[in-house]
Each structure stands twice: as structure tokens, then as C-alpha cells.
Amino acid sequence: MIWEELGISFGTAIFVLIALYFVIKWAVKNGIEEAYEDITKKDPEEDIEELTEE
């Protein structure tokens, strides 16, 4: 398997892939929030509060 060729055990590979998933998820979320703030000039949490009050 490719992991054996790289000298990585299966458990380590799974751990790295899970960590990579969460890092990418966090980066995308922050990027979307930053773009939203730039476009609307509002904090996303303020808009969420406004929408839930209605």
C-alpha cells in the first residue's frame, strides 16, 4: 500500500487526514466569515442574532 512505501502506519495516516480535514474546515469557515464582514461591514454573529429574533 502507498502508506507502507512512505513509511507511515495506517493509524498515523488516518490521524493526519482527520487533522487535515479540521484545519481545512476551520480555514474555510474563517475565510467565509472574513469575506462576509468585508462585504456587509457587519459581524456575522450580529446578523445571526437579528435573524433568530424574528
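For clarity, every value in this text was computed on a predicted model and none was experimentally measured.

Reading the values: the criteria
Residues numbered from 1 in each chain as written. Predicted model: local features only at pLDDT ≥ 70, side-chain atom pairs only at ≥ 80, totals over all residues. Heavy atoms only, no water. Helix = DSSP H or I, 4+ residues; strand = E, 2+ residues; numbered from the N terminus. Rg over C-alpha atoms; globule rule 2.2 N^0.38 Å. Buried < 20%, exposed > 50% of the residue type's maximum accessible area, 1.4 Å probe, protein only. Areas by Shrake-Rupley, 256 points an atom, 1.4 Å probe, with all protein chains shown as cover. Lys, Arg positive; Asp, Glu negative; His and termini not counted. Charge placed at Lys NZ, Arg CZ, Asp CG, Glu CD. Salt bridge = Lys/Arg side-chain N within 4 Å of Asp/Glu carboxyl O. Phe/Tyr/Trp six-rings, centres within 6.5 Å; stacked < 30°, edge-to-face > 60°. pLDDT = per-residue confidence, 0-100.

### Topic: the overall build of the protein chain
Then comes step 1: When helices and strands are tallied, the protein chain shows three helices and zero strands.
Then comes step 2: Taken over C-alpha atoms, the radius of gyration comes to 19 Å for the protein chain, far larger than the 10 Å a tight globule of 54 residues would show.
Then comes step 3: Taken along its principal axes, the extent of the C-alpha atoms in the protein chain is 55 × 20 × 10 Å.
Then comes step 4: Expressed as a percentage of its 54 residues, the buried residues of the protein chain come to 6%.
Then comes step 5: As presented, the protein chain carries roughly 5000 Å² of accessible surface, and 66% of it is formed by carbon and sulfur atoms.
Then comes step 6: Within the protein chain, one finds 4 positive and 14 negative side-chain charges whose respective centroids are separated by 2 Å.

### Re the pattern of salt bridges
Then comes step 1: In total, this model carries one salt bridge according to the counting rule given.
Then comes step 2: Between K29 and E33 there is a salt bridge whose closest N-O contact spans 3.8 Å. In this pair, K29 and E33 both sit in helix α2 (residues 10–40), four residues apart, roughly one turn of the helix.
Then comes step 3: A residue is classified by how much of its surface remains accessible, and E33, at 30% relative accessible area, is partly exposed.

### Side note on the packing of aromatic side chains
Then comes step 1: Taken as a whole and judged by the stated rule, the model has one aromatic pair.
Then comes step 2: Between the aromatic rings of Y21 and F22, the centroid separation amounts to 5.0 Å while the plane-to-plane angle is 75°, which identifies the pairing as edge-to-face.
Then comes step 3: Accessibility expressed as a relative area gives 49% for Y21, which makes it partly exposed.

### Some remarks on the confidence of the model for the protein chain
Then comes step 1: Of all residues in the protein chain, 96% have pLDDT values of 70 or greater, and the mean over the chain is 85.
Then comes step 2: Summarising per-element confidence for the protein chain, the mean pLDDT is lowest in helix α3 (residues 44–53) (76) and highest in α2 (92).

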